[in-house]
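Observations on the model geometry
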Amino acid sequence: MQIQIQDLSMTYPSGKQALQRLDLDLTSPSLVGLLGPNGAGKSTLMKLLVAALMPTEGSILVDGAPLNKVEGKLKASLGYLPQDFGLFEELTVTQFLDYMAALKGVLRSPQAAIRDVIRAVNLEEKARARIRTLSGGQRQRVGIAQALLGDPPFLIFDEPTVGLDPEERIHFRNLFSRTAQDRLVLLSTHIIEDVQSVCDRLVVIHHGQIRFTGTPEQ
Ligand code: ADP
């Protein structure tokens, strides 16, 4: 999978220009870290990539085709963890993932798929717990688990390590790097340690502009 971002700008109806003339190529497999302070434009870029927002200028090409022509196909191959992800408080972790698996059309052995993602995020002991009883970090893990359901080839995680403690952060860095071995994974963060050791590539964004792309060593 290849994503080409060309001369992309986004101005919200309020007049706020969140992104200014971005050019970026993303190629599978890789783990790309999008690094920038709060308000830099990371979430806006991710929402444009999942076609939840339309750019005011420029284009996004998916394997050479304009995003608006292949939107359905892209969404079917996408796992997305938005920043403000809502969970159903009264469901158990397994019930919630079962619901998400149905929504995502995971038809082939959904129970096994749910067990796999619960294991991947290290939440086996909470599989039967109600979501309202979970800590912030455990909720974040449920959010990551739902993105992994159905084994999508393109994963977008918006600030996935928010609310995680230092030990959990390390676990997730390893999970992301394993996941990206045969996929395209884009994750945003404002914490450099989250991305410097595991990402193949870093994209630094500030005030809606790309300031740097390259390897963490660079
Ligand atoms: P980040 O994810 O890096 O914190 P965002 O993409 O959320 O940054 O925001 C980039 C800029 O766009 C910020 O100045 C933010 O206040 C503004 N912004 C985000 N969403 C909206 C919106 N719906 N309407 C107007 N401005 C917005």
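Okay, so let's go over this structure. (Residues numbered from 1 in each chain as written. Predicted model: local features only at pLDDT ≥ 70, side-chain atom pairs only at ≥ 80, totals over all residues. Heavy atoms only, no water.)

Quick look at the overall build of the chain now. Scanning the chain from N- to C-terminus turns up seven helices and 10 strands. Dimensions of the chain along its principal axes, counting C-alpha atoms only, are 45 × 35 × 35 Å. For the chain, the proportion of contacts with a sequence separation of at least 24, taken over those separated by at least 6, is 70%. Total accessible area computed for the chain in this model is approximately 10700 Å², and 49% of it derives from carbon and sulfur atoms. Computed over 23 positive and 24 negative side-chain charges, the inter-centroid distance for the chain is 4 Å. (Helix = DSSP H or I, 4+ residues; strand = E, 2+ residues; numbered from the N terminus. Contact = heavy atoms within 4.5 Å. Areas by Shrake-Rupley, 256 points an atom, 1.4 Å probe, with all protein chains shown as cover. Lys, Arg positive; Asp, Glu negative; His and termini not counted. Charge placed at Lys NZ, Arg CZ, Asp CG, Glu CD.)

Once that is clear, we can look at the site of the ligand. The immediate surroundings of the ligand are formed by Tyr12, Ser14, Lys16, Ala18, Pro37, Asn38, Gly39, Ala40, Gly41, Lys42, Ser43 and Thr44. Residue Ala40 places a main-chain N or O atom 3.1 Å away from an oxygen atom belonging to the ligand. With three residues, helix α1 (residues 42-49) is the largest single contributor of residues to the shell around the ligand. Its residues assigned to classes, the shell around the ligand comprises four nonpolar, six polar and two charged. (Near = heavy atom within 4 Å. Polar contact = N/O pair within 3.5 Å; in protein donor to acceptor, adjacent residues only side chain to side chain. Nonpolar A, V, L, I, M, F, W, Y, C, P; charged D, E, K, R; others polar.)

Spatially, four strands are ordered β2-β1-β4-β5 in an open sheet, and the strand pairing comes out antiparallel. A single partner strand is all that each edge strand has here, and the edge strands are β2 (17-27) and β5 (65-66). Where strand β4 (residues 57-62) and β5 come together, two bridges link them in antiparallel fashion. Within β5, the position partnered with Leu61 by the bridge is Pro66. (Pairing = 2+ DSSP bridges.)

Once that is clear, we can look at the packing of helix α5 (residues 136-148) against helix α6 (residues 166-179). Running from N to C, α5 and α6 point in directions that differ by 5°, and their axes come no closer than 12 Å. Of the possible angle classes, the one that applies to α5 and α6 is roughly parallel. Residues Gly137, Arg141, Ile144 and Leu148 of α5 lie in contact with α6, whose contacting residues are Glu168, Phe172, Leu175, Phe176 and Thr179. Along the lines of polarity and charge, the residues of the contact of α5 with α6 split into five nonpolar, two polar and two charged. (Axes fitted to C-alpha atoms, helices over the stretch in contact; angles between N-to-C directions. Parallel < 35°, antiparallel > 145°, perpendicular 65-115°, else oblique.)

Turning our eyes to something else, we now look at the packing of helix α3 (residues 93-103) against α5. Interaxial distance between α3 and α5 falls to 10 Å at its minimum, and their mutual angle equals 30°. When the interaxial angle is binned, α3 and α5 end up roughly parallel. In the crossing of α3 with α5, the sense of the turn from one axis to the other is right-handed. Residues Val93, Phe96, Leu97 and Met100 of α3 pack against Val142, Ala145 and Gln146 of α5. Residue composition of the contact of α3 with α5, by class: six nonpolar, one polar and no charged. (Left-handed = near helix turned anticlockwise from the far one by under 90°.)

Most of α1 sits inside the fold, with seven of its eight residues counted as buried. Taken residue by residue, α1 has Lys42, Ser43, Thr44, Leu45, Met46, Leu48 and Leu49 as its buried positions. Just past α1, the residue Ala51 takes up positive phi, approximately 60°. (Buried < 20%, exposed > 50% of the residue type's maximum accessible area, 1.4 Å probe, protein only.)

What follows is about α5. Between the first and last C-alpha of α5 there are 19 Å, a value that for 13 residues agrees with the 18 Å anticipated at 1.5 Å per step. A large share of α5 lies buried, amounting to 11 of its 13 residues. Where α5 is buried, its residues touch β6 (78-81), α3, α4 (110-120), β7 (154-158) and α6. Immediately downstream of α5, the backbone of Gly150 shows phi near 85°, a positive value. (Expected span 1.5 Å × (residues − 1).)

It is worth spelling out the packing of aromatic side chains at this point. Enumeration over the complete set of coordinates arrives at five aromatic pairs. With centroids separated by 5.9 Å and ring planes inclined at 75°, the aromatic side chains of Phe88 and Phe96 adopt a geometry described as edge-to-face. Here Phe96 falls in the buried class, since its relative accessible area comes to 1%. With a centroid separation of 5.1 Å and 40° between ring planes, the pair formed by Phe157 and Phe176 is classed as tilted. Of this pair, Phe157 sits in strand β7 while Phe176 sits in helix α6, and the two are 19 residues apart along the sequence. Of the two residues, Phe157 and Phe176, both sit in the buried class. One aromatic cluster is present, built from ring pairs that chain together Phe85, Phe88, Phe96 and Tyr99. (Phe/Tyr/Trp six-rings, centres within 6.5 Å; stacked < 30°, edge-to-face > 60°.)

From the geometry alone we can't say anything about function, so treat these as descriptive.
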